[in-house]
Amino acid sequence: MRFTNNQEFKKLLQAKQKDIQQRTSDGVQETSQFQRMRTLLSICRQKHEEKDYRLVIISKDELSRLVENANKCAEHLFTAPLFITNRTVEVDSQFQIIKSNNDPFPEENNEARRYFTAISKDSNLVCFLIDPDSTVNYFIDGNEYGDGIFYTNQSRKAYEELKTIDKLEEVLDEYRSVLKNQDTYIKFFVPKSQLKTLRMLTGSTQPEEQFIQDHKHLLRNKPEECFREDIRNYIKRHMKVVVYREVMMENLDRLDIELLDEKGKDLYFIEIKWVGDSIHADGNRFGTTYNANRINPSAVIQVVGYINQLFKEKQNIKIGYLLVFDARKENLVDTGDGITKSVVPEELRKHYHRYKKLKDFRVININPR
Amino acid sequence: MNKEELGKVNIDIMTIVSHAAKIGWETINVSSLQRFIYLLKVLYSFNSNEENIFEGYHFNVTMFGPYSELVRRSVVYLLANRHLEGDDDGEIRIISNTGVDKMSEERINWIETILLILSKYGENKIFSFIINDPLYDTSVKSNLSSEIQVTSENETLLVLNDFKNAFEETLSDTSSISKEEYISLYFDYIFSQIIKG
């Protein structure tokens, strides 16, 4: 049981008991009129930008009689000169301004809170404070609301600031620099202790330090999983997208990382490859070596083939990325060098413009651990 | 699908698009509409022990969320007959009042209830709620192409009941919390999980 057996969740409920009871029993917040008004104020602020806060006040009685066409009335309110030029307006059930003033709000946060709370308490009014970013906080019966029971508006704002799918390449560029951090790159490579064992098992005559320096670029066994998970988690932490891994297509091929925008509309995918040397699964000898010819042309054809398949499946595919982790010992030219449309079979070329090879993601075990 | 079935769905869709406009969603995307109707059906099973009034809808799992052929056909019909107008991005808006609210009070209220709960988060969040829906998630994991089975013991219902039970076991008085409010609180909780990532 996800909730009844979850003591943390129950503790949270206990801590929020007062908020929950206020929210569900004040006779205002759960009414459709209140919810509609809150939504309309937020949506209208999104449409009509403003750099300043606005306080919209309505009596409980007027709110309970909110008109059917409140959406149109709210639109009028946000374009009314009296609304634009006054910080505080009191409206009726038709969003007509009854009173207004342009008195400044207290600058200090707590003082401002007390000021809005007092208005709601003293006069039996419901106060909506509209933030320039369209967040709505509200005050009822001397209580302040706005945050959810389980989240804060601050964390909501932080979430809204996450990057959208069109910024994917920007995020991947940031990730490229993260790869230079020891805490990041260390997880891809064979640890120092294992290199020492490997030296003995392979009967190397090289001094230990020299052997470590010469083989510090050796990747763990099956590094693709490690690379894929690391980048997937980075995208999840920094973007407002839905990330899937290893999604199977109808022809049973799998996409390494699939990304859908927040609306679940546009599809992108990333095919992950690596070049370099990895250790064998038994850990006692050298394993697989991949070089640039793994990328050009086979990986390119693979990605364009996936795009073709997604088109066949009528998916809204935008771009298929080929992302290569370059852990080769030497600094070599990009694995994408020399890739042209002609490497792709003719029947797939119509999708070539939706394929993109990203500049190699260089990973170097600068300081082995 | 017969004419009568299509007629009922047409009325549902006209009503949904009309009520969405009242909360400021001047247009709604066809994909959101599919997802919204799925939520209407699944959440109804928590709200009422009676027969599900949205039983007629059948959804299949797709990468982009639940999909009902009935909904697609209805949208095509309503666009062709100029009751709705749409653009190339799949955004539709209402341009006639034909069929709006021509249904039971209970059905109208449920549509409005779910719309108002979702309106707090915005249309863009519906997809995130869908992929966090227990029944949808189970359906995705079991078989990508099968129909989503909204039985009387479906996963969403089990999770929502468990959510409600946790409140009842923890709080001294839950008498003021209606089933609709539990759904609202549940979305609040899910949204907090989405924010945390």
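See the structure printed just above.
All of these numbers come straight from a predicted model, not from anything done at the bench.

Draft legend 1. A look at the nonpolar core. Core analysis: the biggest nonpolar cluster contains 74 residues, and I13, F163 and F167 of chain B have the highest contact counts within it. In this structure, F167 of chain B is in contact with F9, L13, I20 and F150 of chain A together with T174, I177, Y182 and L185 of chain B, ignoring residues within four places of it in sequence. Formed by 31 residues, the second largest nonpolar core is a distinct cluster that contains L179, Y185, M239 and F325 of chain A.

Draft legend 2. Spotlight on the interface of chain B and chain A. Between chain B and chain A, the contact holds 48 residues from the first and 48 residues from the second. Between chain B and chain A the total buried area reaches about 4,600 Å² when both faces are included, carbon and sulfur atoms providing 57% of it. For K125 of chain B, the salt bridge goes to E160 of chain A, with nearest N and O atoms at 3.2 Å. Our count for the chain B to chain A interface comes out at 22 residue pairs in polar contact (both at pLDDT 80 or more). Of all elements in the fold, only α1 (3-22), α4 (105-119), α5 (126-131), α7 (155-170) and α8 (179-196) of chain B reach the threshold of two or more residues within the side of chain B that touches chain A. Ranked by residue count, the leading element in the side of chain B that touches chain A is α8 of chain B, at eleven residues.

Draft legend 3. Quick look at the packing of α4 of chain B against α8 of chain B. Residues and elements named next belong to chain B. Where α4 meets α8, the closest approach of the two axes is 10 Å, and the angle between their N-to-C directions is 30°. Of the possible angle classes, the one that applies to α4 and α8 is roughly parallel. Handedness of the α4/α8 crossing: right-handed. Only E180, I183, S184 and F187 of α8 make contact with α4, whose side of the interface consists of W110, T113, I117 and L118. Its residues assigned to classes, the contact of α4 with α8 shows five nonpolar, two polar and one charged.

Draft legend 4. How the structure looks around the sheet that holds strand β4 (residues 84-86) of chain B. All names here are of chain B. Here three strands make up an open sheet; going across it, the order is β1-β5-β4 and the pairing antiparallel. Only two strands of the sheet have a single partner each, and these edge strands are β1 (28-29) and β4. Bridging between β4 and strand β5 (residues 91-94) involves three bridges; their strand directions are antiparallel. In the sheet register, L84 faces β5, and the bridge partner there is I94. Taken strand by strand, α1 contacts β1, β4 and β5, and its axis lies near 90° from that of β5.

Thresholds, definitions, all that
- Residues numbered from 1 in each chain as written.
- Chains lettered and ligands numbered in written order.
- Predicted model: local features only at pLDDT ≥ 70, side-chain atom pairs only at ≥ 80, totals over all residues.
- Heavy atoms only, no water.
- Core = buried A, V, L, I, M, F, W, Y, C linked by side-chain atoms within 4.5 Å.
- Buried < 20%, exposed > 50% of the residue type's maximum accessible area, 1.4 Å probe, protein only.
- Contact = heavy atoms within 4.5 Å.
- Buried area = accessible area lost by both parts, 1.4 Å probe.
- Salt bridge = Lys/Arg side-chain N within 4 Å of Asp/Glu carboxyl O.
- Polar contact = N/O pair within 3.5 Å; in protein donor to acceptor, adjacent residues only side chain to side chain.
- Helix = DSSP H or I, 4+ residues; strand = E, 2+ residues; numbered from the N terminus.
- Axes fitted to C-alpha atoms, helices over the stretch in contact; angles between N-to-C directions.
- Parallel < 35°, antiparallel > 145°, perpendicular 65-115°, else oblique.
- Left-handed = near helix turned anticlockwise from the far one by under 90°.
- Nonpolar A, V, L, I, M, F, W, Y, C, P; charged D, E, K, R; others polar.
- Pairing = 2+ DSSP bridges.

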